[in-house]
Amino acid sequence: MSTAATLDALCFVICTPMPSPLDWDFARQRSELLELMRTLCYREGDFKLSSGQLSSYYIDSKKATLHPLGALLAGSLLYQRLPEGAAAIGGLTLGADPIVTAVAVVSALRHPRGGVGAFIVRKEIKKHGSQQWIEGPSLAAGTPVVIVDDVVTTGASGLQAVEKAEEAGLKVVKILALVDRHQGGGALYAGRGYPFEALFSIEEFRSR
Ligand SMILES: O=P(O)(O)OC[C@H]1O[C@H](OP(=O)(O)OP(=O)(O)O)[C@H](O)[C@@H]1O
Ligand SMILES: O=C(O)c1cc(=O)[nH]c(=O)[nH]1
């Protein structure tokens, strides 16, 4: 190969931007996040769940949602599942915290002058300072918002976030989750009239 051709080839390698995971299509992002979560988050053993139920398996989602690629993929995938017009995404601390942040960051990369805001619902009211239930940018009454949870079991946590958002005057238009354990949460949300969608079902973790 001539020197010029070698230089051309080198320049091509150096100058060609690395494809970002944000450029992967939805199916690729989903399968990469699933693989990451299967590896980092899924565990078997004896676990007590937040509902008090016992379980022989557990999804420790923060191992993925606080992972650099995991956060990016969760943010991008959930951003793509926001309904038209949703202005913000929020959820109950702590599982939702990294997720809502990731969605807001991805939305800013896609729409630098717009994007969706993030908010966090406390498990108990802050007892000093602002003394509020919800943290994040102020949202006007009637703002359409999405509630997100990392894992849905009974759905009680998601519903707690919905109730606090509605008490603040927000309009909950959808509930999203990373993983649905199929233990009643989806039915609870459907019964209350909230559209619900999870990126993954627990069977995708347990069928190995
Ligand atoms: O559908 P549910 O029956 O409500 O269960 C799912 C909830 O349980 C977990 O939260 P957890 O209370 O363990 O707290 P954390 O997010 O603060 O770790 C998880 O993050 C969900 O929010
Ligand atoms: O129901 C829960 O508390 C729960 C289940 C699960 O798999 N992962 C989690 O973080 N919480």
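Since the model is a prediction, treat every value here as computed from it, not as a measurement. (Residues numbered from 1 in each chain as written. Chains lettered and ligands numbered in written order. Predicted model: local features only at pLDDT ≥ 70, side-chain atom pairs only at ≥ 80, totals over all residues. Heavy atoms only, no water.)

## Focus on the side chain of S61
As for its placement among the helices and strands, S61 is situated in the loop between β2 (54–59) and α3 (62–65). Accessibility expressed as a relative area gives 1% for S61, which makes it buried. Within polar-contact distance, the side chain of S61 engages the side chain of D150 at 2.6 Å. With sequence-adjacent residues up to four places away left out, S61 is seen in contact with M37, C41 and D150. (Helix = DSSP H or I, 4+ residues; strand = E, 2+ residues; numbered from the N terminus. Buried < 20%, exposed > 50% of the residue type's maximum accessible area, 1.4 Å probe, protein only. Polar contact = N/O pair within 3.5 Å; in protein donor to acceptor, adjacent residues only side chain to side chain. Contact = heavy atoms within 4.5 Å.)

## As for the packing of helix α2 (residues 26–40) against helix α4 (residues 68–80)
It is the contact of α2 with α4, at a shortest axis distance of 10 Å, that shows an interaxial angle of 135°. In terms of their interaxial angle, α2 and α4 are classed as oblique. The handedness of the crossing between α2 and α4 is left-handed. Note on element contacts: α4 touches α2 through L69, G70, L73, A74, S76, L77 and Q80, opposite F26, Q29, R30, E32, L33 and L36. Grouping the constituent residues of the contact of α2 with α4 by class yields 7 nonpolar, 4 polar and 2 charged. (Axes fitted to C-alpha atoms, helices over the stretch in contact; angles between N-to-C directions. Parallel < 35°, antiparallel > 145°, perpendicular 65-115°, else oblique. Left-handed = near helix turned anticlockwise from the far one by under 90°. Nonpolar A, V, L, I, M, F, W, Y, C, P; charged D, E, K, R; others polar.)

## Description of the site of ligand 2
Looking at ligand 2, the residues that line it are L49, S50, Y58, I59, V151, T153 and R181. In the model, an oxygen atom of ligand 2 is placed 2.8 Å from a nitrogen or oxygen of the R181 side chain. Considering ligand 2 on its own, with 290 Å² of exposed area, one finds that the protein chains cover 90% of that surface. Per-class residue counts for the shell around ligand 2 are 4 nonpolar, 2 polar and 1 charged. (Near = heavy atom within 4 Å. Areas by Shrake-Rupley, 256 points an atom, 1.4 Å probe, with all protein chains shown as cover.)

## What about the UniProt feature "domain: Phosphoribosyltransferase" (unreviewed entry) in the protein chain?
Per the UniProt entry, the sites bearing "domain: Phosphoribosyltransferase" (unreviewed entry) are residues 101–186 in this numbering. The distance separating the terminal C-alpha atoms of residues 101–186 is 24 Å; by composition the span is 28% helix and 30% strand. (UniProt positions renumbered as here; feature names shortened; annotations may be inferred.)

## Re the nonpolar core
Judged by nonpolar contacts, the single largest core of 37 residues is most densely connected at L33, M37, I59, I89, L178 and F205. Where this core is concerned, the elements lending two or more residues are α2, β2, α4, α5 (97–110), β6 (144–152), β7 (171–180) and β8 (196–201). When near neighbours in sequence (up to four residues on either side) are disregarded, I59 contacts M37, C41, Y42, V151, V179, I202 and F205. Formed by 18 residues, the second largest nonpolar core is a distinct cluster that contains I134, V145, I147 and A177. (Core = buried A, V, L, I, M, F, W, Y, C linked by side-chain atoms within 4.5 Å.)

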